[in-house]
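Descriptive structure summary
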Amino acid sequence: MPGQGRYVLGLDVGTTALKAVALERKRGLVAQVDYPHELRSPAPGWAEEDAEQWWRTCREAIRALLAQVPADEVAAIGVSGMVPAIVLLDATGHPLRPAILQNDARAALEVEELRAAVDEREFFRITGTIVNQQNVEPRWRWLCRHEPGVVEQVAHLCGSYDFIVFRLTGQLSLEENWAAESALYDIERHAWHQPYLERAGLRQALLPPVHAPTEVVGGVCAAVAAETGLRVGTPVVAGSADHVAAALAAGLTQQGEVLLKFGGAGDVLYCSDRQEPDPHFYFDYHDVPGLILINGCMASSGSLVKWFSRELAGGHSLSELDQEAAGVPAGADGVLVLPYFLGEKTPVFDPLARGVFAGVMLHHRRAHLYRAILEAVCYGFAHHLALLREAGRPIRRVYAADGGSRSALWMQIAADVVGEPVTLVAGEAASALGVAYVAAMGVGLFANWDEIARFIRRGPTYSPRAEQAAVYLRGFRLYRDLYRRLQPLFVDLARLSNPSDGPQGGESDKGDRR
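Each value, and the rule that gives it
- Residues numbered from 1 in each chain as written.
- Predicted model: local features only at pLDDT ≥ 70, side-chain atom pairs only at ≥ 80, totals over all residues.
- Heavy atoms only, no water.
- Pairing = 2+ DSSP bridges.
- Helix = DSSP H or I, 4+ residues; strand = E, 2+ residues; numbered from the N terminus.
- Axes fitted to C-alpha atoms, helices over the stretch in contact; angles between N-to-C directions.
- Contact = heavy atoms within 4.5 Å.
- Buried < 20%, exposed > 50% of the residue type's maximum accessible area, 1.4 Å probe, protein only.
- Phe/Tyr/Trp six-rings, centres within 6.5 Å; stacked < 30°, edge-to-face > 60°.
- Polar contact = N/O pair within 3.5 Å; in protein donor to acceptor, adjacent residues only side chain to side chain.
- Expected span 1.5 Å × (residues − 1).

Once that is clear, we can look at the sheet that holds strand 22 (residues 397-401). If you trace the 7 strands from one edge of the open sheet to the other, you get 18-19-17-16-22-23-24, paired in mixed fashion. Looking at the sheet topology across the chains shown, the edges are occupied by strand 18 (282-285) and strand 24 (458-462). Along the sheet, successive strands turn relative to each other by an average axial angle of 25°, direction set aside. Sheet contacts for helix 13 (residues 366-390): strand 16 (257-262), strand 17 (266-272) and strand 19 (292-298); angle to strand 19, the most-contacted strand, approximately 145°.

A large share of strand 17 lies buried, amounting to 7 of its 7 residues. Burial of the side chains of strand 17 extends over both faces: Gly266, Val268, Tyr270 and Ser272 are buried on one face and Asp267, Leu269 and Cys271 on the other. As paired elements, strand 16 and strand 17 share 5 bridges and run antiparallel to each other. Its bridge partner being in strand 17, Lys261 is matched across the sheet by Asp267. In sequence, strand 16 turns back onto strand 17 through a hairpin of 3 residues. Judged from the 7 bridges that link them, strand 17 and strand 19 form a sheet pairing that is antiparallel. Along strand 19, the bridge assignment pairs Val268 with Gly296.

One pass over the full model with this rule turns up 21 aromatic pairs. Ring centres of Tyr379 and Tyr472 lie 6.2 Å apart, and the angle between their planes is 75°; this geometry places the pair in the edge-to-face category. With Tyr379 in helix 13 and Tyr472 in helix 16 (residues 466-497), the pair connects residues that are 93 residues apart, well separated along the chain. For Tyr379, a relative accessible area of 3% corresponds to the buried category.

Next up on the list: the side chain of Arg371. The residue Arg371 is located in helix 13 in this model. Reaching out from Arg371, the side chain makes a polar contact with the backbone oxygen of Ala325 at a distance of 3.1 Å.

Attention now moves to helix 11 (residues 302-312). If you check which residues of helix 11 are buried, you get Gly302, Ser303, Leu304, Val305, Phe308 and Ser309. At its buried positions, helix 11 is contacted by helix 12 (318-325), helix 13 and helix 14 (408-418). Just downstream of helix 11 lies Gly314, where phi reads positive at about 65°.

Another point: helix 13. For helix 13, built from 25 residues, the straight-helix expectation of 36 Å at 1.5 Å per residue is met to within 8% by its first-to-last C-alpha distance of 36 Å. Within helix 13, 22 of the 25 residues are buried, which leaves the element mostly enclosed by the surrounding structure.

Shown next, in the form of structure tokens:
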């Protein structure tokens, strides 16, 4: 019967790809597939994707995995994904518009309106974060203002991986970290904060029931079983935020351990055994009960690299670009990038921030620009680690995972920039592995969380090099200073890009929060 097999499937709905794995309870990962996703940015700061494409790639991935493992031996399925993406469903369960991703920066005006409406200390105490572009309320207000016809038809609102759970089972749900990152949820009471829902004009009836990651939401429905080959009734758990699942797959269970996640966005995850949110970061519950994650998230990381390859490098592969950039010295020969190509989330919380190439001259080649992008993402990571240290949070070990970790060049740059040894873990499918284990725990395939250590693959460790680290220390100071100096101009640049209804001020007006 379903739930008694040897295998679990893990599906990860990422910004740039769907990654899926099959985990066998003794042998570990036995199958892995991935399919690309298309990030759309049709207007300044927008970040959208087609939820139906996610579902198509999930079905393809499941069929591919079941060509390698027997369907009647699949005990459970877990799904992870971007959080808090917004998927709007009509009464029939179909998306009304493209999903609005968590790194979308269109609601700058609404962010300012929310900031003016709340007591920021109370807001932080209740939600574990400060007002920012990722909050659900500003994006919901934007929809009400600009797409009222769509809003009128909304019957359900869910996240990326919740949508896939719904398609698999026919049951609507929200995993608790979607609720926590929505900034409409009381993180201590584990309940929606009704005054915030009312202020947002968001009826709680639109929000599905909230579940812990390991809770079984339902079984695979007959129609999906016929399409994919899964057995009817195969249990599907609520799942996990992708970065939280990656932290589990990296083995982050001790205070002071850090994961740098080189995905479509860039995540910095700090493990703690004390529920103490930090205003520079987001707050997440760990998949392991009793632990939390201090979560930094940069809006564009791997998505910026892919954009450069597609738009400015003639579609050359990332390995080719890596090879070229390896011949450029640390510091990219004076080229410095601000990687804020979708605004920025943590730690500056500035949806009006813009991407910048600075210091470019006619002798520079694409290799300089590409290397400067890799360095800029690492400067962003270094900014987060500096704030953790300033807050008295010790850095004990630093790990790296996800697609960007395949690049030896990028990993060495990361170690040189952050000034810490960086160890690769879990490969590029970390989130899929993590959520597969969450599903296994949900159906009792494993007895405790520690057993995941058997399946964690440790890669090489990259140690910082003194000469390059000194160059990057100077580059990091320039990186911080460049943002401070350009910040007042970003409001005007935003107006210039959309003069008809551009933002009338934004988070950039507030001065550098860090």
